[in-house]
Amino acid sequence: MTFPDHWADGTDPAAPDHQVHWYDDRTAIIRQSLRTNFEGPFLYLLLGAERALLLDTGTGHAPLRPLVDDLLADRTRPGHELVVAHTHGHSDHVGGDGEFDAVVGRTAEEVAQYFGLDWPDGRATIDLGDRTVDVVPIPGHQGADIALYDRTTRLLFTGDSLYPGRLYVKDWAAYRASIRRLAAFVAEGNPVEWVLGAHIEMTGQPGRDYAMGADRHPDEHALQLRPGVLTELLQVLDAAGDVPARIVRDDFVVYPV
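Parameters at a glance
- Residues numbered from 1 in each chain as written.
- Predicted model: local features only at pLDDT ≥ 70, side-chain atom pairs only at ≥ 80, totals over all residues.
- Heavy atoms only, no water.
- 1 Å grid on protein atoms, 1.4 Å probe; cavity = no way out; pocket = protein on both sides within 12 Å on 5 of 7 lines; lining within 4 Å.
- Points joined across faces, edges and corners; volume = space filled by probe spheres on them.
- Nonpolar A, V, L, I, M, F, W, Y, C, P; charged D, E, K, R; others polar.
- Pairing = 2+ DSSP bridges.
- Helix = DSSP H or I, 4+ residues; strand = E, 2+ residues; numbered from the N terminus.
- Contact = heavy atoms within 4.5 Å.
- Phe/Tyr/Trp six-rings, centres within 6.5 Å; stacked < 30°, edge-to-face > 60°.
- Buried < 20%, exposed > 50% of the residue type's maximum accessible area, 1.4 Å probe, protein only.
- Core = buried A, V, L, I, M, F, W, Y, C linked by side-chain atoms within 4.5 Å.

Right, let's talk about empty space enclosed by the protein for a bit. Across all of its chains, the model carries 1 cavity of 30 Å³ or more by this definition. Together, Ala85, His86, His88, Gly89, Val104, Gly105, Arg106, Val111, Phe115, Ala144 and Ile146 line the largest cavity. Looking at the lining of the largest cavity, its residues break down into 6 nonpolar, 4 polar and 1 charged.

Have a look at this one:
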């Protein structure tokens with residue numbers, strides 16, 4: 001279970017449209033190169049015995065379906081079901097939806113209906129076959145935000161709600177409640193090895209981010225965050241209280257919008 005030393009960060013004009021790294025035999029991390037779009041989102045493909053789960057489809061500026069089909073063909077049986085879902089519904093995470101036949105909806109109502117969630121305080125699971133993934137609503141960034149916890153790898157996927165970058169908060173009260181809810185989920189006996197978000201916007205220097213819209217990221221922060229960063233985020237949000245505040249920390253910037 002490893003991470004690469006270097007991601008497709010826009011500095012290599014010959015980099016492929018997508019960089020694929022197998023964290024383990026059944027977990028692929030896909031990074032859309034900043035060369036194709038400055039967002040450079042991360043996508044995740046989780047393979048189970050009966051179905052696979054693709055989290056997010058990128059910006060749509062680079063074909064994704066052929067890549068996903070090849071990855072599935074290499075490691076699954078023909079006819080393996082693919083579930084395509086989103087960490088949230090912003091355009092840089094749903095841009096490739098049109099390439100796929102069946103995709104979970106982008107609104108909170110559609111997400112809740114698909115997973116059988118009592119939104120936003122309920123929880124649900126998706127069984128991939130010998131692999132269970134928990135679904136926790138965490139609105140506040142976009143509105144249909146979810147976190148997913150893979151019990152097998154103990155990876156926590158947090159989309160744009162927590163990653164090494166600018167955490168844009170649209171609904172301050174909802175976001176604070178969501179981070180509190182997510183931290184409680186972890187504290188209840190769901191240990192986290194790594195927190196994996198959907199972007200890298202921080203440099204390798206603590207507290208320093210790239211310029212907005214930058215399509216080259218030399219000296220990037222690591223993608224993976226230790227679980228203590230979630231605790232840190234909870235603490236700074238609690239300290240800020242009810243009034244939205246911009247908060248700069250080593251690994252993230254809370255950024256009300």
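On we go.
Glancing now at the sheet that holds strand 13 (residues 253–256). Strand pairing in a sheet takes place through backbone hydrogen bonds and is either antiparallel or parallel in direction. The strand order across the open sheet formed by 3 strands is 10-13-12, and the pairing between neighbours is mixed. This sheet does not close on itself; its edge strands, each paired only once, are strand 10 (166–169) and strand 12 (247–248). Strand direction decides the pairing type here: strand 10 and strand 13, joined by 4 bridges, are parallel. The residue of strand 13 that forms the bridge with Tyr168 is Tyr255.

What follows deals with the environment of Leu223. Looking at where Leu223 falls in the secondary structure, it is placed in the loop between strand 11 (194–197) and helix 5 (228–240). If we skip the residues at most four places from it in the chain, Leu223 touches Trp7, Ile29, Phe42, Tyr44, Pro164, Val195, Leu196, Gly197, His199 and Ile200.

This part takes up the packing of aromatic side chains. The tally for this structure, following the rule as stated, stands at 7 aromatic pairs. Judged by centre distance (5.1 Å) and plane angle (45°), the rings of Phe3 and Tyr23 are tilted. Here Tyr23 lies in strand 1 (residues 18–24) and Phe3 lies in the segment before strand 1, a separation of 20 residues in the sequence. Across the pair, exposure class does not vary: Phe3 and Tyr23 are buried alike. Judged by centre distance (5.5 Å) and plane angle (75°), the ring pair of Tyr149 and Phe185 falls under edge-to-face.

Next up on the list: the nonpolar core. In terms of nonpolar packing, the biggest core is built from 31 residues, with Ile29, Phe115 and Leu196 touching the most fellow members. Take this core: its biggest share by element is 4 residues, from helix 3 (residues 108–115). Leaving out residues up to four positions away in the same chain, Phe115 has contacts with Ala85, Val104, Ala124, Ile126, Val135 and Ile146.

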